[in-house]
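Architecture and fold: a report
Listed below, chain by chain, are the residues.
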Amino acid sequence: MNKKVAFYTLGCKLNFSETSTIARNFSSEGFERVDFKEKADIYVINTCSVTENADKRFKSIVKQAQKINPDAFVAAVGCYAQLKPQELADVDGVDLVLGATEKFKITDYLNDLSKNDMGEVHSCEIQEADFYVGSYSFGDRTRAFLKVQDGCDYKCTYCTIPLARGISRSDTLENVLQNAKEISAKNIKEIVLTGVNIGDYGKGEFGNKKHEHTFYELVKALDDVEGIERLRISSIEPNLLKNETIEFVSTSKTFVPHFHVPLQSGSNELLKLMRRRYMKELYIDRVAKIKETMPHACIGVDVIVGFPGETNELFLETYNFLNELDISYLHVFTYSERDNTVAASLDGIVPKKVRAKRSKMLRGLSAKKRRAFYEGQIGSSRTVLFEGENKEGYIHGFTENYVKVKAPWNPDLVNTLQAVRLTEIDEDGLVRFEFTKQLITS
């Protein structure tokens, strides 16, 4: 019988795309992939290092795997595995820990799958993570995450990602286009471009600094790939989101009017402490440019609360800045100290209770912003891509500009694009609609 393997992914879209690539490697070696809740011979956990919470969750996921099969082989890969390999290896039940360059060769490290007395560690110095491995995810979603770039050359004072993933490097344009063609051939309707710093796309696959291509050239080339219905840009730094890209998206055949642009703080004083590469005035300019060319565009914002030195006055500066900005929702991150970062040694530590209170305030603001954005879309005609999950008798989907809709469950709608008119906001905050054309069930 084939050995069974199960995967659990913590963290970002990039991790999901890489888990899928690792899973395909297992399949080509004859393993059968099963759900993480099922009994497997090997459990692979793709870790994240962005927040303290992701560290804690790792231990509970290992326990979950051991409960299902105490004899299973447990492997940890990914960012946390690169940063704190010994810490993961010391967790009871972990047999193998692989760092940044080793994770894609995991099947080479599997011998007899017998449990180890101690976790075995294979991790490189992060300077050795200087080559590019392409990946994309599909299989359990109506959309695929296509990795185009990895690593980061920025030196934000709170961030461990350069330590976990190495220097900024990119896939070749030819390879990205080939992967996009492969994805579209599988009847996947939407591709989300992902990476650590995708606006930096073009640095060679070994990190060579001369850009082979720009992000703008990548976007233009992808727009011409046959068979792709929708392309979505994931998070992109405001200083790297150029006017030419915004203007191109506004007239594109496939790119949707949805941008996720990290801000992190609405205070220039804190942006300097964070070593971000822009001031808030540039951010205002980016939002204005998007809304000028695409008034219906959805704009998501990352923001960190509780960064060292964030006084009440500076927090309120951020809150008021976001409140006045024409944005659609927030992703709120509560600052947590990370080893080997500059921010960990800064003065002005914000008490955890204060961080939690500020986080709650910004989450409330996010709900208000999303509601206002949805209200502004009522009466408009949109196209919805429907998801594949039956959630308590309802099917959900997203418009091109990221409005989440719901309707009574209908399996014929799964993974189809439908023309609709948005009609009202339901009591759970999602949007109801009516179909404006005959159902398209292909």
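Everything discussed here concerns the structure shown above.
No experiment lies behind these values; they were computed from the predicted model shown.

**Digging into the nonpolar core**
Leu146, Leu193, Phe215, Leu218, Leu222, Leu322 and Leu362 are the most contacted members of the largest nonpolar core, which totals 53 residues. Ignoring any residue separated from it by four or fewer positions in sequence, one finds Leu362 in contact with Val303, Val305, Phe315, Tyr319, Leu322, Leu330 and Val332. Counting 22 residues, the second largest nonpolar core, distinct from the first, contains Ile45, Ala65, Ala81 and Leu88.

**Points about the side chain of Glu400**
Mapped onto the elements of the fold, Glu400 is located in the loop between strand E17 (394-399) and strand E18 (404-408). One buried charged side chain, Glu400, makes no salt bridge at all; its nearest oppositely charged neighbour is Arg382, positioned 4.1 Å away. Among the polar contacts listed, one links the side chain of Glu400 to the backbone nitrogen of Thr383, at a separation of 2.9 Å. When near neighbours in sequence (up to four residues on either side) are disregarded, Glu400 contacts Arg230, Arg232, Val256, Pro257, His258, Arg382 and Thr383.

**Let's talk about the environment of Gly78**
When you line up the elements, Gly78 lands in strand E4 (residues 73-78). Residues Gly78 and Thr101, spaced 23 residues apart in sequence, show a C-alpha to C-alpha distance of 9.4 Å.

**Things to note about the pairing of strand E16 (residues 381-386)**
Pairing analysis gives 5 bridges linking E16 to strand E19 (residues 417-425), with the strands arranged antiparallel. Within the sheet, the bridge partner assigned to Thr383 lies in E19 and is Ala419. Pairing between E16 and E17: 3 bridges, direction antiparallel. The residue of E17 that forms the bridge with Leu385 is Phe398.

**Let's talk about the sheet that holds strand E12 (residues 230-233)**
If you trace the 4 strands from one edge of the open sheet to the other, you get E7-E8-E11-E12, paired in mixed fashion. Sheet topology places strand E7 (136-137) and E12 at the edges, where each strand pairs with a single neighbour. Both strand E8 (residues 143-147) and strand E11 (residues 190-194) contribute to a ladder of 5 bridges, which runs parallel. Paired with Lys147 across the two strands is Thr194, which belongs to E11.

**A few points about the packing of helix H8 (residues 243-251) against helix H10 (residues 280-293)**
To describe two helices that pack against each other, one gives the angle between their axes and the distance between the axes. Packing of H8 against H10 brings their axes to within 9 Å, and their N-to-C directions diverge by 25°. What the angle tells us is that H8 and H10 run roughly parallel. At the point where H8 passes H10, the crossing takes the right-handed sense. Listed contacts from H10 to Asn243, Ile246, Glu247 and Ser250 of H8 are Arg286, Lys289, Ile290 and Thr293.

About the thresholds
Numbers given for residues are sequential positions, taken from 1 along each chain in its written order. The model is predicted, so local features are restricted to residues of pLDDT at least 70 and side-chain atom pairs to those at 80 or more, both for listing and for counting; the totals for chains, interfaces and linings are taken over all residues. The basis for the side-chain values is all heavy atoms of the structure; hydrogens and waters are excluded. In plain words, nonpolar cores are sets of buried Ala, Val, Leu, Ile, Met, Phe, Trp, Tyr and Cys residues tied together by side-chain atoms within 4.5 Å. Only protein chains enter the accessibility calculation, which uses a 1.4 Å probe; a residue is then buried when its area is under 20% of its type maximum, exposed when over 50%, and partly exposed in between. Here, two residues are considered to be in contact whenever any of their heavy atoms come within 4.5 Å of each other. Starting at the N terminus, helices and strands are each numbered in turn, a helix being any DSSP run of H or I of at least four residues and a strand any DSSP run of E of at least two. In this tally, Asp and Glu contribute negative charge and Lys and Arg positive charge; neither His nor the terminal groups of the chain are included. Salt bridges, as used here, are contacts in which a Lys or Arg side-chain nitrogen is within 4 Å of a carboxyl oxygen on Asp or Glu. In protein, a polar contact requires one atom able to donate a hydrogen and another able to accept it; more generally it is a pair of N or O atoms within 3.5 Å, and residues adjacent in sequence count only if both atoms are side-chain atoms. Think of it this way: DSSP has to see at least two bridges between two strands before they count as a pair. Only the stretch in contact is used when a helix axis is fitted, and all axes are lines through C-alpha atoms; the angle between N-to-C directions ranges over 0 to 180 degrees. Should an angle fall under 35 degrees it is taken as roughly parallel, and over 145 as roughly antiparallel, whereas 65 to 115 is taken as roughly perpendicular and any remaining angle as oblique. Left-handed describes a crossing whose near helix is turned anticlockwise from the far helix through less than a right angle; right-handed describes the clockwise counterpart.

That is the geometry; function is a separate question.
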